[in-house]
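Here's the letter readout for the chains.
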Amino acid sequence: MSVGFNVKNDYAVANVRPNGRIRAVALAVACATALLLALSCLPGTAQALSTSTFTARPNGDAGSQVLGGTETRLTWEGQAADDESVKQLSFTLPEGTAYALDNNRLTLLTGPDHMTRQKVSARFTAEGSTITAHLDGGVVPGAYYRVELYGVVFPAAGGSMQVQGAYALEDGRQGSLEGMAPLAITSVSPVDQLAKGLEQQDWVKAWNSNKFLRLFLNPPLLVSSFPVVLNGFFLALGIVAVAFPLAIPVGLAFALMRMSRFRVLRGIATTYVNVVRGTPMFLQIYIAFFGLPLAGFEIPSFPLGVVVLGMNSGAYLCEIFRGGIQSISKGQFEAARSLGMNAAQTMVHVVIPQTVRRVLPTMTSEFILLYKDTSLLAAVGVMEVVMYAKTIVASTGSITPYIVAAFFYLVLTLPLAKLVGLLERKLAQNDTGTSAKSKKGKAAQAVFHP
């Protein structure tokens, strides 16, 4: 009996299992069919529209340079497949990028070389940093598109800027625009941004419409060249700050040699002073910068310029110190001798301190002349004030950078010239004494107040 029961169960199981498998397969086929039908109702992903070119219009002073913080134009071109009719083209700009919608346009390029332009009715909208071009239809499939986005301003910090592109077709399919390489944007300083902003001002355009004003006082060029020439100003100050202290002991030593009892020392000092003062500094610079390398002496420009200017100024300071020493009355020497001082002690403790006080205004004038003479180093390529200005003039054709260079000379020479006047008046008061001034004041009071 148990055997029969088992046979029946085995038969039943054998009959049920194939039916279950058939139902499972049928259910899977039904689900797959439903899924395919659902997917067919969703927009597809297009893959054929490709980027041919994507560029930014150069807006710098040299080559293909694209500056940040400065308006430029983006141009995208792409080819659609034969069965694709584009409905929308979108471009997402990097964060911090400004843009405008007024002059944007979309055109079709036709012909064998895509040289014929065909206008397309398109509407541009923006949402966040994304600009979208909406086509109103009527575009044949497989067209070659050109999109121009005007008024784009990338961040002034510059760097590699990636623009993302996407598109949608008339049949609902969507895709991303591949092949849009990052754009290399050059960083722009706040000064250059200010100069670019000035160029757009109406009053600047009216100002530069006058040829004389544009050549000598171009406002944007005044602003942009200022920090460049400032570098040369610091270098010129550095040269004078080292050369003038070097010239002081040289001048004093030669002044003492010219007043020496020994004929050889007097001859050496006299020859040096006459040669240096009797030849132009320009010629001395040329001899040092071009002659020494030919003789096998390679000296960097900065220390060589310091030495040449220092030795030249030393010859003039020699005569300044000599005149100052000789202006000291002989009574000072005799008084020092009566106190038991020898010649060296008299010179160091009595004569030289009085000499320095008397020649201080003249020394200040010599410092001013030495600072102005640093401009001669531009002839041998030393990057001082004039050389930086000359570089900008060569690239712009405007004399404005030379005006900026003149400002950097005046900003130092005018205060020093004022200081020279004050020192001279102070010295004159010390020489005449205060007693005479007080007597004169009392006499005047007697006249006006009997």
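Coordinates for the structure precede this section.
Residues numbered from 1 in each chain as written. Predicted model: local features only at pLDDT ≥ 70, side-chain atom pairs only at ≥ 80, totals over all residues. Heavy atoms only, no water.

Colleague: Any chance you could explain the nonpolar core here in plain terms?
Modeller: Inside soluble globular proteins, nonpolar side chains tend to come together where they are buried. Counting residues in hydrophobic clusters, the biggest one holds 47 residues, and the most contacted among them are Val 229, Phe 289 and Val 385. Take this core: its biggest share by element is 13 residues, from helix 5 (residues 219-258). Once you skip the residues sitting within four places of it in the chain, Val 229 turns out to touch Val 385, Tyr 388, Ala 389, Ile 392, Pro 401, Val 404, Ala 405 and Phe 408. Counting 33 residues, the second largest nonpolar core, distinct from the first, contains Trp 76, Leu 93, Phe 154 and Leu 177. (Core = buried A, V, L, I, M, F, W, Y, C linked by side-chain atoms within 4.5 Å. Buried < 20%, exposed > 50% of the residue type's maximum accessible area, 1.4 Å probe, protein only. Helix = DSSP H or I, 4+ residues; strand = E, 2+ residues; numbered from the N terminus. Contact = heavy atoms within 4.5 Å.)

Colleague: I'm lost on the sheet that holds strand 5 (residues 116-119) in this one. Help?
Modeller: Pairing between the strands of a sheet comes from backbone hydrogen bonds, and it takes one of two forms, parallel or antiparallel. Strand order across the open sheet formed by 5 strands is 1-2-8-4-5, with antiparallel pairing between neighbours. The strands lining the two open edges of the sheet, one partner per strand, are strand 1 (50-56) and strand 5. Taken over all neighbouring pairs, the strand axes of this sheet differ in orientation by 25° on average, direction set aside. With 4 bridges connecting them, strand 4 (residues 105-110) and strand 5 associate as antiparallel partners. When the bridges of strand 5 are listed, Leu 108 appears paired with Gln 118. (Pairing = 2+ DSSP bridges. Axes fitted to C-alpha atoms, helices over the stretch in contact; angles between N-to-C directions.)

Colleague: For this particular structure, what's the right way to read the layout of surface pockets?
Modeller: Left-over empty space is what a probe sized like a water molecule reveals as it rolls over the atoms. Estimated volume of the second largest pocket: approximately 340 Å³. Residue lining of the second largest pocket: Leu 256, Met 259, Ile 325, Phe 333, Arg 337, Ala 343, Ala 344, Thr 346, Met 347 and Val 348, and that is the complete set. Examining the composition of the lining of the second largest pocket, we find that 5 residues originate from one element, helix 10 (residues 343-373), more than from any other. Tallied by class, residues from the lining of the second largest pocket come to 8 nonpolar, 1 polar and 1 charged. (1 Å grid on protein atoms, 1.4 Å probe; cavity = no way out; pocket = protein on both sides within 12 Å on 5 of 7 lines; lining within 4 Å. Points joined across faces, edges and corners; volume = space filled by probe spheres on them. Nonpolar A, V, L, I, M, F, W, Y, C, P; charged D, E, K, R; others polar.)

Colleague: How should I be thinking about the packing of helix 5 against helix 11 (residues 385-396) in this particular structure?
Modeller: Between two packed helices, the angle of one axis relative to the other and the distance separating the axes together describe the packing. Between helix 5 and helix 11, whose axes approach to 7 Å, the crossing angle comes to 150°. Taken together, helix 5 and helix 11 sit at an angle that is classed as roughly antiparallel. Contacts between helix 5 and helix 11 pair Leu 221, Ser 225, Val 228, Val 229, Asn 231, Gly 232, Phe 233 and Ala 236 from the former with Val 385, Tyr 388, Ala 389, Ile 392 and Thr 396 from the latter. Residues of the contact of helix 5 with helix 11, tallied by class, amount to 9 nonpolar, 4 polar and no charged. (Parallel < 35°, antiparallel > 145°, perpendicular 65-115°, else oblique.)

Colleague: What's the story with a nonpolar patch on the surface in this structure? I'm lost.
Modeller: Taken together, Trp 203, Trp 207, Leu 217 and Ile 403 make up a surface patch of nonpolar side chains, about 360 Å² in accessible area. Here Trp 203 is to be found in helix 3 (residues 202-208). Taking relative accessible area as the criterion, Trp 203 reaches 48% and is therefore assigned partly exposed. (Patch = residues over 30% accessible without salt bridge, like charges linked within 9 Å, V, L, I, M, F, W, Y side chains within 5 Å. Areas by Shrake-Rupley, 256 points an atom, 1.4 Å probe, with all protein chains shown as cover. Salt bridge = Lys/Arg side-chain N within 4 Å of Asp/Glu carboxyl O.)

Colleague: Explanation requested: the packing of helix 5 against helix 6 (residues 263-278) in the structure shown.
Modeller: Relative to each other, helix 5 and helix 6 sit at 130°, their axes nearing to 7 Å. Classified by the angle between their axes, helix 5 and helix 6 sit oblique to one another. Relative to helix 6, helix 5 is oriented so that their crossing is left-handed. In this structure, helix 5 contributes Val 250, Phe 254, Met 257 and Arg 258 to the contact, and helix 6 contributes Leu 265, Arg 266, Ile 268, Ala 269, Thr 270, Tyr 272 and Val 273. The residue makeup of the contact of helix 5 with helix 6, split by class, is 8 nonpolar, 1 polar and 2 charged. (Left-handed = near helix turned anticlockwise from the far one by under 90°.)

Colleague: It is not clear to me how the sheet that holds strand 3 (residues 86-92) should be interpreted in this structure. Could you clarify?
Modeller: The strand order 6-7-3-10-11 describes an open sheet built from 5 strands, whose pairing is antiparallel. Of all strands in the sheet, those with a lone pairing partner are strand 6 (122-127) and strand 11 (174-176), marking the two edges. Neighbour-to-neighbour, the strand axes of this sheet turn through a mean angle of 20°, independent of strand direction. Two strands pair when backbone bridges link them, and strand 6 and strand 7 (residues 130-135) are joined in this way by 6 bridges, in the antiparallel orientation.

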